[in-house]
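Letter by letter, the chains look like this.
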Amino acid sequence: MELSSNDAKLSQNSSQGSYHSEIIADHYNALEEKGLIARDNSRIIHMRNFNNWIKSTLLSVFLKRVKASKKEGEDINVLDMGCGKGGDLFKWRDGGVTHAIFADLAETSVRQCEQRYEDLKRRSGKRLFSAEFISADCTRVCLLLFCCYHELL
Ligand SMILES: C[S@@+](CC[C@H](N)C(=O)[O-])C[C@H]1O[C@@H](n2cnc3c(N)ncnc32)[C@H](O)[C@@H]1O
């Protein structure tokens, strides 16, 4: 059986975790931004919508709990680990968060996420949460300082 180039990379370098990160980053960096029309034509659109609905519901339930545990007007800060191109930007906006840190190992995705955030900010005026963007392998880079700074811990 012939190995794909990624399989070959993995088998040659299985003891070196950084190659796994590289393969994942390459995969996500190479994904094209296809836009909403292509998304609607996807064969798995109903599955994607269902998955998205579950995620929105969970985020909303937990954000309500976080708000209930805070004093009136206190900040709500989130760490979106593996943020990709920012598929959850609207969920954070609708959940009323104050600040979000977006981190992903795929640099291209992080740039697209930042671009989408800036577009949304232009359209939403000053009401949108503030944000930071970090390209990093979250299993290797210590995001602790960012989290402590924003009182996420
Ligand atoms: C299925 S995508 C989800 C993207 C986004 N959260 C969304 O819902 O649209 C998974 C993401 O996790 C990222 N990822 C995987 N391993 C990671 C790691 N070790 N550190 C940071 N990001 C990682 C990938 O680059 C990819 O963007």
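Residues numbered from 1 in each chain as written. Predicted model: local features only at pLDDT ≥ 70, side-chain atom pairs only at ≥ 80, totals over all residues.

Moving on, we come to the overall build of the protein chain. A tally of helices and strands in the protein chain yields seven helices and three strands. Starting at the N terminus and walking to the C terminus, you meet the elements of the protein chain as α-α-α-α-β-α-β-α-β-α. Looking at the protein chain as a whole, 15% of its 153 residues are labelled buried. Taking contacts inside the protein chain between residues at least 6 apart in sequence as the whole, the part at least 24 apart equals 59%. (Helix = DSSP H or I, 4+ residues; strand = E, 2+ residues; numbered from the N terminus. Buried ≥ 20, exposed ≤ 12 C-beta atoms within 10 Å, placed from the backbone. Contact = placed C-beta atoms within 7 Å.)

This part covers the environment of Arg 140. Looking at the secondary structure, you find Arg 140 in the loop between β3 (130-135) and α7 (144-149). A tally of 10 C-beta atoms within 10 Å means that Arg 140 is categorised as exposed. Along the backbone, Arg 140 and Ser 21 are 119 residues apart, and their C-alpha atoms lie at a distance of 9.8 Å.

This paragraph deals with the pairing of strand β1 (residues 77-81). Alternating residues of β1 divide into Val 78 and Asp 80, all buried, and Asn 77, Leu 79 and Met 81, none buried. Between the parallel pair β1 and strand β2 (residues 99-104), the chain is carried across by helix α5 (residues 89-94), and the sense of this crossover is right-handed. (Right-handed = clockwise from strand over helix to strand, strands pointing away.)

Attention now goes to helix α6 (residues 107-124). The end-to-end C-alpha distance of α6, which contains 18 residues, comes to 25 Å, matching closely the 26 Å that a straight helix rising 1.5 Å per residue would cover. Along α6, the residues that are buried comprise Ser 109, Val 110, Cys 113 and Tyr 117. Each buried residue of α6 lies within a common arc of 95° when the element is viewed along its axis, so the set occupies one face. For α6, exposure combined with an orientation more than 90 degrees from the buried face picks out Glu 118, Asp 119, Arg 122 and Arg 123. (Expected span 1.5 Å × (residues − 1). Arc of directions from axis to C-beta.)

It is worth spelling out the sheet that holds β2 at this point. One open sheet holds the three strands; their spatial order is β1-β2-β3, and the pairing between them is parallel. With one partner strand each, in any of the chains shown, β1 and β3 form the two edges of the open sheet. Put simply, the sheet's adjacent strands are angled 15° from each other on average, direction ignored. The pairing of β1 with β2 spans five bridges and is parallel. (Pairing = 2+ DSSP bridges. Axes fitted to C-alpha atoms, helices over the stretch in contact; angles between N-to-C directions.)

What follows is about the nonpolar core. Grouped together as the largest cluster of nonpolar side chains are 16 residues, with contacts concentrated most on Trp 92, Val 97, Ala 100, Phe 102, Cys 113, Phe 129 and Ala 131. Secondary-structure elements contributing two or more residues to this core are α5, β2 and α6. Here the element with the most residues in this core is β2; it accounts for four residues. Contact partners of Val 97, with chain neighbours within four places excluded, come to Ile 76, Asn 77, Val 78, Trp 92 and Phe 129. (Core = buried A, V, L, I, M, F, W, Y, C linked by C-beta atoms within 7 Å.)

Turning next to the site of the ligand. Lining the immediate environment of the ligand, one finds 15 residues, of which Gly 82, Gly 84, Gly 87, Ala 106 and Cys 138 sit closest. Counting residues per element, the shell around the ligand draws most heavily on helix α2 (residues 17-30), which supplies three residues. (Near = placed C-beta within 6 Å.)

Before going further, it helps to examine the confidence of the model for the protein chain. When pLDDT is low, close inspection of the predicted coordinates is not appropriate. The share of residues in the protein chain with pLDDT of 70 or more is 82%, and the mean pLDDT across the chain is 84. Contacts from residues 7-14, a stretch scored under 50 in pLDDT, to residues over four places away or in other chains number eight contacts. (pLDDT = per-residue confidence, 0-100.)

Inspection of the secondary structure puts Gly 87 in the loop between β1 and α5. With 15 C-beta atoms packed within 10 Å, Gly 87 lands in the partly exposed category. Each C-alpha atom of the pair Gly 87 and Asn 52 lies 9.2 Å from the other, and the pair is 35 residues apart in sequence.

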